[in-house]
Amino acid sequence: MSTLALRLNGVCKKFGRATILQDVTLDIPAGERHCIIGPNGAGKSTLFNLISARLPTSAGQIELKGENVVGLPPLEINRRGLSRSFQITNIFPNLSVFDNVRCGVLWTLGYRYSFWHRLGKLRDARERTEQVLEQIGLSQRRDTLAGVLSYAEQRALEIGITIAGGADVILLDEPTSGMSRSESDDAVALIRRVTEGKTLVMVEHDMSVVFGLADRISVLVYGKILATGVPTVIRANPAVQEAYLGKSLSRA
Amino acid sequence: MSAPSRMAGRTLLGPIVRGVSQAWAGWVAWAAVIVVVVAAPLFINKSFFLSLLCRIGLMTIFALSYNMLLGQTGLLSFGHAVYYGLGAFATMHVLNAVHGGIPITLLPLAGGAGALLFGVVFGYVTTRKAGTTFAMISLGLGEMVASSSLMFPHFFGGEGGISGNRVTGKGWFGINFGTQLQMYYLIAAWTAVCIAATWSLTQTPLGRMANAVRDNPERVEFVGYSPQWIRYLMVVLSGFFAGIAGGLTALQYEIVTAEVLSDYTSGIVILMAFVGGVGSFSGPIIGAVLITILQVAVASVTPAWPFYFGLFFLIMVLYAPGGIASIVAEHRAVWRAHLLSRLLPSYLLAALPVTLLVAGIIAMVEMAYATVNAVERGTAELHILGVPLDGAAALSWVEAAASIAAGLFLLSLAGKKVSQGWQDVSAVLRAVAVETGP
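Residues numbered from 1 in each chain as written. Chains lettered and ligands numbered in written order. Predicted model: local features only at pLDDT ≥ 70, side-chain atom pairs only at ≥ 80, totals over all residues.

1. Points about the packing of helix H4 (residues 81–98) of chain B against helix H11 (residues 227–253) of chain B
Two quantities define a packed helix pair, namely the angle between the helix axes and the distance between the axes.
Residue and element names in this part refer to chain B.
Piece 1. Two elements in contact, H4 and H11, have axes separated by 6 Å at closest approach and are oriented at 50 degrees. One finds that H4 runs oblique with respect to H11. Of the two possible hands of crossing, H4 and H11 adopt the one that is right-handed. Listed contacts from H11 to Tyr 83, Tyr 84, Gly 85, Leu 86, Gly 87, Ala 88, Ala 90, Thr 91 and Met 92 of H4 are Gly 239, Ala 242, Gly 243, Ile 244, Ala 245, Gly 246, Gly 247, Thr 249, Ala 250 and Leu 251.
Piece 2. Residues of the contact of H4 with H11, tallied by class, amount to 11 nonpolar, eight polar and no charged. (Axes fitted to C-alpha atoms, helices over the stretch in contact; angles between N-to-C directions. Helix = DSSP H or I, 4+ residues; strand = E, 2+ residues; numbered from the N terminus. Parallel < 35°, antiparallel > 145°, perpendicular 65-115°, else oblique. Left-handed = near helix turned anticlockwise from the far one by under 90°. Contact = placed C-beta atoms within 7 Å. Nonpolar A, V, L, I, M, F, W, Y, C, P; charged D, E, K, R; others polar.)

2. Quick notes on the interface of chain B and chain A
Piece 1. Each side of the interface is counted separately: chain B has 24 residues, and chain A has 32 residues.
Piece 2. Looking at the side of chain B that touches chain A, the elements with two or more residues in it are helix H9 (205–215), helix H10 (217–221) and H11 of chain B.
Piece 3. Of all the elements, H9(B) adds the most residues to the side of chain B that touches chain A, at eight residues.
Piece 4. Classifying every residue of the side of chain B that touches chain A by side-chain character gives 12 nonpolar, seven polar and five charged.

3. With respect to the domain arrangement of chain B
Piece 1. Segmenting chain B into domains produces domain 1 (46–323) and domain 2 (337–436).
Piece 2. The distance between the C-alpha centroids of domain 1 of chain B and domain 2 of chain B comes to 34 Å. (Domains from an automatic or database assignment.)

4. Digging into the packing of helix H12 (residues 263–276) of chain B against helix H15 (residues 323–336) of chain B
Residues and elements named next belong to chain B.
Piece 1. In contact at an axis separation of 3 Å, H12 and H15 are set at 10 degrees when each is read in the N-to-C sense. As far as their axial angle goes, H15 and H12 are roughly parallel. Listed contacts from H15 to Phe 274, Val 275 and Gly 276 of H12 are Gly 323, Ile 324 and Ala 325.
Piece 2. Here the residues of the contact of H12 with H15 sort into four nonpolar, two polar and no charged.

Pasting the structure below:
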């Protein structure tokens, strides 16, 4: 059990009378790269919102590293080592790129709400921030305001803020959406780099990204998990082909 | 990046020389300010000027404390007078209770501590929500506290307020703050301490996370922080500095009335922070200096000063939402790129229509006041800078209207030149940025 990073058991989400997620059960071992795919409106982002407590869960258990986290606020889940990115870029537009990433490292390094430390003298925060900037390729842009970065740079920053705190379970919500082919290739390389040795759960539409990156794949259709398995199994699953992937799968 | 720094950047030592010279320029500027502040009374040792300078000091602290909320945490408060006023009352009560048991120099801390305690209680209520809700709650709380001043006359002294005497003895070396000059140096010292402290706060983890809450409170939750707790701490700390300003106010005037808690006081600090510029640390200082001087200067020549203040605020919000600090910063960038010469001709061109417009507006406002007051004064005639006007004469109104109309028409022409100049300049600045950029 202790090797499970995430364990979802009978997770449901209802908005009024509409059921968005129904009895989602999923085990993700530590260190796995897990992709969640499915058609638009299948509930992928909602599932992320439940795991990260952005939305309250209607029923079921969500265990993070063996501990039930349903009902905890987002910041508690983050402090327990789960960090997420957002499908729509969610950064601090009027802070510099450097400050954006540093905001992601301060809590983990124990500075909390301190008003007695000088930021400029926090060597560990600076070094960790510089390391992340190096990883996401934004070292040259460190003093630029985040709000004026290009779209692809903002997506990279989004990932940078997410991983900065050193969480070992990383949720990425469509990190390559809206990117060109080459930008998307860079993003995949970046994701590989920064999630080395960590558990990665990722929602993704781009099949070449999914099949290139994932150890296992779950297919979510109409709020239910249709199948979970290694890429070759998913590719060969007739129900998956019929329900969702169809021809695009054989092409991918 | 500006042209001079580009040139400096060509040598290996460039960046270092540049960094040192900029830091050096900063220290020189601060040293100059300190010299001016210390030496000012030697040149204008009139009590009117000294008390004006004292008021500037108080308002600087108050405006800086306000900007900890608005500019740094994104909290629009309509009730900041609560902390300023309660700090003033707390200080006055402590002054009257201890009879010199606490040195006067430290007494503003009593105001800070009192306001901080109220912040601990009130902040818990106000910071539950951000945005419009926070603004509305702060307004309600401001009204509540202001109206309590009449409900609890024992604490607030009712209509007459409470007074005290800051001179509690002979003091060390004769410094007992009996004179305005000694009080001036006390306020100057506290202002310096508060500027340094509020600046330092912007350079701490809490200060930076407050900026993050301002930008995007939701994301803050997903990096492990509670936006609500950050808002709460900032309200409490901002209350502390507002309380120090209030405490100095109590010592300066030796009387505290309900006015310090009023919506007018809450309003004027918004005006100062906004006109100066909430986006930069120094903005509220500029605003406090300018608005306090205008308050005294304009109010001494015309009863219509609140009207002019409102108009000024309106124009700033519409045309310079970044405040004076951002106007200065933009022009400094242009100046460093040696491009100011491209803007100045259009500014000179705009000067005449602006003068016509302003003159016309002032004439109309003053004639309106003169007409209203004509019953008492017996005449509606007045002179503005030697120009005779008569609120009862149609011709004067036609002249004023013509001046406004001509001003507006010419300004619409000159305005095009100004915006062309700016487009021109910013295109060059962008090109330079691309050329020297990453």
